[in-house]
Amino acid sequence: MTDEELHELAAKQAALGEVRGTPAPDPVNAPMIRHWLAAMGDANPVYLDKGVAPPAMAQVWTMPGLRDKDRSPVDDMLAALTANGYTGVVATNCEQTYHRYARLGERLTPATRFAGLAGPKRTALGVGYFATWNVTWYADDDEPVAEMLFRVLKFRPAATPQKREPYPLQPAINQDTAFFWEGVKDGELRIQSCADCGELRHPPGPLCPRCRSANRSYKVASGHGTLYSFVVHHHPPVPGREVPFVVGVVELPEGVRIVGNVVDCPIEEVDIGMPLRVTYRPMDDRLVLPMWAPGES
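Here the structure is a predicted model, which means the values were calculated and not measured.

## Focus on the packing of aromatic side chains
This structure, assessed with the given rule, holds five aromatic pairs. On the basis of an interplanar angle of 90° and a centroid distance of 5.2 Å, the ring pair of Tyr86 and Tyr129 is categorised as edge-to-face. You can see Tyr86 sitting in the loop between helix 4 (73-83) and strand 2 (88-98) and its partner Tyr129 sitting in strand 4 (residues 126-138), a full 43 residues away along the chain. Tyr129 shares its class with Tyr86; the two are buried.

## Regarding the sheet that holds strand 5 (residues 144-157)
Taken together, the five strands give an open sheet; going across it, the order is 1-3-4-5-2, and neighbouring strands pair in antiparallel fashion. Unpaired on one side and paired on the other, strand 1 (19-20) and strand 2 mark the two borders of the sheet. Examined bridge by bridge, strand 1 and strand 3 (residues 109-122) share two bridges and lie antiparallel to one another. Opposite Arg20, over in strand 3, you have Ala111 as the bridge partner. Against the sheet, helix 4 touches strand 1, strand 3, strand 4 and strand 5, its axis set at about 30° to strand 3.

## Some points on the nonpolar core
Within the largest apolar cluster, 33 residues are counted, with the highest numbers of intra-cluster contacts made by Leu6, Ile33, Trp61, Met77, Leu108, Phe114 and Leu117. Of all elements in the fold, only helix 1 (3-15), helix 2 (30-40), helix 4, strand 3, strand 4 and strand 5 reach the threshold of two or more residues within this core. For this core, the element with the most residues is strand 4, which contributes five residues. Once you skip the residues sitting within four places of it in the chain, Leu6 turns out to touch Met1, Met77, Ala80, Leu81, Asn84, Tyr86, Leu117 and Tyr129. Membership of the second largest hydrophobic core comes to 29 residues, among which are Phe180, Val246, Ile258 and Cys265.

## Details of the sheet that holds strand 6 (residues 190-194)
One open sheet accounts for three strands, arranged 7-6-8; its pairing is antiparallel. Pairing within the sheet leaves two strands with one partner each, and these edge strands are strand 7 (200-201) and strand 8 (216-220). As paired strands, strand 6 and strand 8 are joined by five bridges and run antiparallel to one another. If you follow Ser193 over to strand 8, its bridge partner there is Ser217. Sheet strands touched by helix 5 (residues 178-185): strand 6 and strand 8. Its angle to strand 6, the strand with the most contacts, is close to 145°.

## Let's talk about the pattern of salt bridges
Oppositely charged side chains can form a pair if their charged atoms are brought close together. Across all of its chains, the model carries 11 salt bridges by this definition. Linked by salt bridges that have partners in common, Arg100, Arg103, Glu106 and Glu143 make up one network.

Cut-off values and rules
Residues numbered from 1 in each chain as written. Predicted model: local features only at pLDDT ≥ 70, side-chain atom pairs only at ≥ 80, totals over all residues. Heavy atoms only, no water. Phe/Tyr/Trp six-rings, centres within 6.5 Å; stacked < 30°, edge-to-face > 60°. Helix = DSSP H or I, 4+ residues; strand = E, 2+ residues; numbered from the N terminus. Buried < 20%, exposed > 50% of the residue type's maximum accessible area, 1.4 Å probe, protein only. Pairing = 2+ DSSP bridges. Contact = heavy atoms within 4.5 Å. Axes fitted to C-alpha atoms, helices over the stretch in contact; angles between N-to-C directions. Core = buried A, V, L, I, M, F, W, Y, C linked by side-chain atoms within 4.5 Å. Salt bridge = Lys/Arg side-chain N within 4 Å of Asp/Glu carboxyl O.

Any functional reading would require information beyond the geometric quantities listed.
Right, here's the structure in full:
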């Protein structure tokens, strides 16, 4: 397809307006909320006490399974971009708005609206298009509970004969996270700390959750941890990666948790509580990722 045809398809998908998906297979329920709070380390009892779900769970209730995916106005657009060589993808924006708490017993329904296509644009990753869409979650009474703007860059990876092809999944580096990625390049696992009260936090953020100070520093972690939880990713395909692979949540002795791939270990031997050590893997000529390999107890 030409650039003009891609924009024509985008206009057609946007003209469909808001397309309702299938209602959530299960109503908002206490067990799922309890699992979410445990996974997030959130000990706030107010949600279960008041019979409401954490707002950030909105997407959880309607996430599709491997074979249950609804067709939305976004899918044909992304498929067309992929077919035209824009195979790389990186998320650039995710903004959520919460209208009210979802209540126990409500069954949420997602509705997707394709918002627009911008491009082609030349970026550091390659020439590509920015695709934007909105998802709104409605309760049984058609009242909106939450909405999300999501934007991705679909790009054509730039091949350079002298260099490795850029890894298609590049992290978003900003003033809050630059120190972490600089440390990774130097072989250090840096954990953000409050320069006033010393509280450690990960992922990095602009304010201390304990004292609300904006003064930041970091501590170099030991590089050891234990596997707190994990998933084995089979589908969908991930550009630049061979499936299946393991994504784990690693608990560090410093008191924070970090997400990363578990490597150098057969999938069937990955187990909760196993000791791990950090290892640094170059993904291309610029990007190094911290991953986790079996370590000593």
